[in-house]
Amino acid sequence: RDLLDVLGRLRLALIAGAVPRRRLERLVELVERRRTVASDPRLAAVLDEIDLRARVELAKFRRG
């Protein structure tokens, strides 16, 4: 549920045109926790994709 809440808030932030760095960091934390208990390979793949995209966005913050 926490992960879905963060994703929902992130979606709204994207629509508004501003993604808070802290929200991305929280998303990475939640994905890391969920990945350890994900036994379904499809779910693990989705979590990997979310994690990669969040880390790319965080790297943009650090670069800019």
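Model, not experiment: these values are computed from the prediction.

Asks: Help me understand the overall build of the protein chain in this model?
Replies: If you tally the helices and strands in the protein chain, you get three helices and zero strands. Helices and strands in the protein chain line up, N terminus first, as α-α-α. On C-alpha atoms alone, the protein chain measures out to a radius of gyration of 12 Å, which is about the 11 Å that the 2.2 N^0.38 rule sets for 64 residues. The principal-axis extent of the C-alpha atoms belonging to the protein chain is close to 35 × 25 × 15 Å. Within the protein chain, the fraction of its 64 residues that count as buried is 23%. Residue pairs at least 24 apart in sequence account for 48% of intrachain contacts in the protein chain once pairs closer than 6 positions are excluded. Just so you have it, the protein chain exposes about 4,700 Å², and 56% of that area is on carbon and sulfur atoms. Each charge class in the protein chain can be summarised by its mean position, and for the 16 positive and 10 negative side chains these summaries are 4 Å apart.

Asks: Any chance you could explain the environment of L47 here in plain terms?
Replies: Along the chain, L47 turns up in helix α3 (residues 41-63). Remark: the alpha-carbon pair of L47 and R34, spanning 13 residues in sequence, is separated by 7.9 Å. Apart from the residues within four sequence positions on either side, L47 is in contact with L3, V31, R34, R35 and A38.

Asks: Mind showing me how you'd approach helix α2 (residues 21-35) here?
Replies: Residues lying three or four places apart along an α-helix face the same way, a consequence of the helix completing one turn every 3.6 residues. Taking 1.5 Å as the rise per residue, α2 with 15 residues should run 21 Å; its terminal C-alpha atoms sit 21 Å apart, in good agreement. Among all positions in α2, only L24, L27, V28, L30 and V31 are buried. Where α2 is buried, its residues contact α1 (2-16) and α3.

Asks: Which parts of the structure should I look at to understand the packing of α2 against α3?
Replies: Axis angle and axis distance: for two packed helices, these are the angle between their axes and the distance between the axes, and together they describe the pair. Contact pair α2 / α3: the axes reach a minimum separation of 9 Å and the direction vectors enclose 150°. Comparing their axes, α3 and α2 come out roughly antiparallel. Handedness of the α2/α3 crossing: left-handed. Note on element contacts: α3 touches α2 through L47, D48, I50, D51, A54, R55, E57, L58, F61 and R62, opposite R21, L24, E25, L27, V28, V31, E32, R34 and R35. When the residues that make up the contact of α2 with α3 are grouped by side-chain class, the tally is nine nonpolar, no polar and 10 charged.

Cut-offs applied
- Residues numbered from 1 in each chain as written.
- Predicted model: local features only at pLDDT ≥ 70, side-chain atom pairs only at ≥ 80, totals over all residues.
- Heavy atoms only, no water.
- Helix = DSSP H or I, 4+ residues; strand = E, 2+ residues; numbered from the N terminus.
- Rg over C-alpha atoms; globule rule 2.2 N^0.38 Å.
- Buried < 20%, exposed > 50% of the residue type's maximum accessible area, 1.4 Å probe, protein only.
- Contact = heavy atoms within 4.5 Å.
- Areas by Shrake-Rupley, 256 points an atom, 1.4 Å probe, with all protein chains shown as cover.
- Lys, Arg positive; Asp, Glu negative; His and termini not counted.
- Charge placed at Lys NZ, Arg CZ, Asp CG, Glu CD.
- Expected span 1.5 Å × (residues − 1).
- Axes fitted to C-alpha atoms, helices over the stretch in contact; angles between N-to-C directions.
- Parallel < 35°, antiparallel > 145°, perpendicular 65-115°, else oblique.
- Left-handed = near helix turned anticlockwise from the far one by under 90°.
- Nonpolar A, V, L, I, M, F, W, Y, C, P; charged D, E, K, R; others polar.

Bear in mind that shape data such as this cannot, by itself, settle questions of function.
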